[in-house]
Structures are given as C-alpha cells and as structure tokens.
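What follows is the residue order along each chain.
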Amino acid sequence: MKNNTLVMFTSTFPYQGGEQFIETEIEFLSKEFEKIIVVPAKKNNIIRKIPENVIIDNYIANINKSIFNRMFSLFDIKFIKHISLNKNEIKLLAINMLYIKYYKKWLLQNISKFDLSQTIFYSYWFSSATTALSYMKRQNPKIKFITRVHGGDLYESVHGINNFPFRQEVLNNINKVFSISENGKKHLLKKYRVDSEKIIVSKLGVLEHGKISPSSSDDVFRIVSCSWLTPVKRVHLIIKALSKIKNHKIEWIHFGDGPLKRDLENLANSILPNNVKYNFAGFVDNSYIYEYYAKNPVDLFINCSSSEGIPVSIMEAQSFSIPVMATDVGGTSEIVNNENGYLIENNDNIVNNITSTLIKILQNKSIHNQKREKSLNNFLNNFSANKNYSKFTKIVKEL
C-alpha cells in the first residue's frame with residue numbers, strides 16, 4: 001500500500017531564515033502525498049508560500065526551552081552514557097539531548113493519530129529529530145523513517161568532533177538515508193557499520209529558468225557569492241584574494257547575512273583596493289537572486305567553504321549559465337570541475353590559488369566564457385529539480 005502521509009521535521013521551513021531549497025522540493029512532495037505535516041524547530045513572523053495540503057505544526061517551535069529544561073536534559077542516563085572528553089562533543093550532545101526530549105514528546109502525543117502503514121516520517125537533516133524517531137521505532141517497529149544528510153550534519157570535522165552522538169544506533173534503525181552527494185555516502189560507509197543499500201544518493205536540484213546571465217560587455221568583471229556569513233563559509237578568503245588584484249576593475253556582490261557580516265565588511269573596507277567595488281547585500285529571497293541573475297551580467301560565482309555537501313547556491317548559478325569557482329571540499333567536485341568552472345585545491349596556499357586563477361581568467365576572458373555553456377549543461381544533466389525531486393518522491397512514496 002502506498003504511503004499517503006508525510007511528516008517532515010525541519011529547522012525553520014516554512015518560515016523564512018534558511019532552507020530556501022525546501023520550497024522547490026515540497027512542491028514535488030505535495031503532488032505525491034495526500035497530506036504533509038511540517039514540524040519546524042524554530043519559527044518567526046514571515047512564512048513562505050506552501051502547497052494547500054501542507055499543514056504546519058509549531059509544537060517544537062513554541063515549546064518552552066528554558067534553562068531548567070536544558071539542565072534537566074543533562075541528567076538523562078543517555079547523556080551520561082555518551083559523554084566524552086571532547087568539549088565540542090559534549091556541547092553537541094547537550095543540544096541533542098534537549099531536542100530529542102521535545103521530539104519524543106511530540107511523537108508520543110501524535111503517533112496514535114497516524115496509520116503507520118501509510119505514513120513516512122522524514123527528518124530533513126540528520127539531527128535530533130532523526131534520533132528521536134530511532135528511539136520510537138525501537139518501541140514500535142511499524143514506524144518508517146528517513147533522513148537526508150547534507151554537510152554540517154554529515155562531516156564530523158565541521159564541528160571539531162570525532163563522532164556524532166547516537167549516529168550508529170540511528171543508522172541501525174533507520175529505513176533509508178538520502179545523501180545529497182556521492183561523497184556523503186562514501187563517508188557514511190567508511191565511518192559507520194551500515195548496509196550500503198540503506199544509503200541512497202539523492203541530489204538536490206533547482207528549477208529550470210530558461211534564462212541566462214550574460215557575461216559583462218564592458219571592462220568590469222562581475223563576481224557573485226552567496227552564503228551565510230559564518231566561519232565555515234570562509235568569505236574572508238574571497239576578500240583576501242581580491243585584495244591582491246590591482247589592475248582590473250571588479251565588482252563583487254555577496255548575498256547572505258550572518259554573525260560575521262560586520263567583521264567582513266570591516267576587512268573589505270580595510271584591504272580591498274579602489275579597483276574592487278563590493279556590496280554585502282544581506283539576506284534576500286531566492287526569487288530576488290534569480291531576478292538578479294536574469295537581469296544582470298555575472299561573470300563568476302565563488303564558493304570558498306571549508307565543508308559542503310553540494311551547495312544549492314552553485315546549482316542556482318549554473319542554472320543561469322554562470323561558471324563557478326569553488327574549493328574542493330565535500331561533494332563540491334561532483335558539481336564543479338575544471339571543464340565547467342574552476343576547482344580550487346583546499347590547502348594552505350588557497351588564497352594565492354584563488355588569486356592566480358582569477359588573474360588568468362581576467363587575462364583571457366574568451367577562454368573563460370567558453371565554460372558558460374558547460375556550466376549550464378552540467379546543471380541540466382545533473383541538478384534539475386524536475387529530474388531529481390521526481391525520482392526522490394517516487395522512492396519515498398513506495399517505501
């Protein structure tokens with residue numbers, strides 16, 4: 001019997017502030033499932049447009065996350081059992097214990113409302129929601145649950161830890177793990193004891209626009225980057241690389257907000273030469289970025305992250321025929337290569353490598369522009385939402 005109800009645990013979606021890429025995925029899911037219940041961990045006052053058969057349950061977002069509750073979670077035997085000498089692991093474990101408690105409470109209150117033979121529980125991130133579902137499945141084997149796994153919820157090095165709490169236990173109980181990259185699947189198989197058939201590579205995607213961003217027709221080279229301004233995104237590397245270019249006119253715009261915005265603006269103001277114009281545009285909606293790409297020439301998209309799954313921001317740039325320069329981390333090499341863009345080795349010489357590559361591009365723009373068609377073709381062949389999400393929803397529906 002086909003599943004007709006999907007319960008989806010997110011971080012903020014459908015509220016604004018992240019997870020913009022779910023907007024596209026849920027359109028495909030809503031056509032396959034009669035009902036979708038979305039349970040976000042956080043909320044705000046701005047809600048995204050969602051399909052009519054999507055119901056929002058704000059229980060986790062509304063729950064009282066008091067200091068008393070946080071402290072009480074630390075006395076749980078599971079916390080004591082998994083405690084380690086790694087301070088980052090202790091911090092992550094403490095956060096997990098608090099949210100596991102909330103998700104378990106939600107599940108206990110709601111599980112009887114579902115026909116488990118026709119319901120899939122879907123954690124968009126490999127998170128405490130996934131762990132709570134694993135606990136519940138041990139009590140009720142009829143529960144079917146899945147998760148996606150991306151970058152920050154996959155690679156231990158992002159958090160400075162050796163192991164994610166409860167991960168092996170969850171992998172033993174879960175029905176399927178959908179990794180957004182081949183690299184992610186390889187990492188899980190190498191790190192944990194898990195049946196390879198449990199892990200399915202299911203790449204994300206963006207919609208086809210039928211438009212391209214043209215190359216600049218004047219003597220200005222225009223660069224875009226797009227990410228949260230956090231340490232892992234390493235936007236400061238872009239600033240340092242651009243600071244070394246003195247003889248070419250460059251305009252760089254960054255879309256995205258975050259805790260490092262003021263520091264990065266100060267760095268740019270202090271070291272970028274007059275030939276480099278820059279703009280920290282802050283948070284904007286995806287539709288704004290698409291409109292920007294369609295109406296403005298963009299010569300290059302840059303991503304300098306220290307860890308990634310496969311960035312949706314790169315898919316978006318390629319969908320407008322923009323060549324991409326990106327660091328060779330995580331699954332990035334599955335979308336960027338030296339045929340359709342520039343894959344930068346992630347080593348101690350990274351700033352000089354970015355600078356030298358930029359100078360080569362600026363000295364021979366005709367060769368650079370030949371990559372535009374290959375960038376678009378890579379998107380159409382591998383990261384089209386129509387292809388990727390249609391395949392994903394069919395697999396989930398039939399579980």
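Everything below is about the structure shown above.
Residues numbered from 1 in each chain as written. Predicted model: local features only at pLDDT ≥ 70, side-chain atom pairs only at ≥ 80, totals over all residues. Heavy atoms only, no water.

**Q** Would you take a moment to explain the sheet that holds strand β12 (residues 324-327) for this structure?
**A** Consider a sheet: its strands pair through backbone hydrogen bonds, and that pairing is either parallel or antiparallel. Strand order in this open sheet of six strands is β10-β9-β8-β11-β12-β13, and the pairing throughout is parallel. The open sheet terminates on both sides in strands that have one partner only, identified here as β10 (276-282) and β13 (341-344). Averaged over all pairs of adjacent strands, the angle between their axes in this sheet comes to 20°, without regard to strand direction. Sitting on the sheet, helix α12 (residues 312-319) is in contact with β8 (220-226), β11 (300-303) and β12, with an inclination near 170° to β11. (Pairing = 2+ DSSP bridges. Helix = DSSP H or I, 4+ residues; strand = E, 2+ residues; numbered from the N terminus. Axes fitted to C-alpha atoms, helices over the stretch in contact; angles between N-to-C directions. Contact = heavy atoms within 4.5 Å.)

**Q** Whenever I open this one, the side chain of D299 confuses me. Can you help?
**A** Along the chain, D299 turns up in the loop between α11 (286-295) and β11. For the buried residue D299, which engages in no salt bridge, the nearest side chain bearing the opposite charge is R372, 4.6 Å off. There is a polar contact of 2.6 Å between the side chain of D299 and the side chain of S216. Side-chain polar atoms of D299 contact the backbone nitrogen of R222, separated by 2.7 Å. For D299, the contacting residues outside a window of four places in its chain are S215, S216, V220, F221, R222, I322, P323, H368 and R372. (Buried < 20%, exposed > 50% of the residue type's maximum accessible area, 1.4 Å probe, protein only. Lys, Arg positive; Asp, Glu negative; His and termini not counted. Salt bridge = Lys/Arg side-chain N within 4 Å of Asp/Glu carboxyl O. Polar contact = N/O pair within 3.5 Å; in protein donor to acceptor, adjacent residues only side chain to side chain.)

**Q** I keep staring at the sheet that holds strand β6 (residues 176-179) and nothing clicks. Help me out?
**A** The seven strands are arranged β3-β2-β1-β4-β5-β6-β7 in an open sheet whose pairing can be described as parallel. In this open sheet, the two edge strands, each paired with only one partner strand, are β3 (54-56) and β7 (199-201). Taking the axes of each pair of neighbouring strands and ignoring which way they run, one obtains an average angle of 25° across the sheet. The sheet contact formed by strand β2 (residues 35-40) and β3 spans three bridges and is parallel. Opposite V38, over in β3, you have I56 as the bridge partner. This element, helix α1 (residues 22-32), spans β1 (5-10), β2, β3, β4 (119-123) and β5 (145-149) of the sheet and lies at about 170° to β1.

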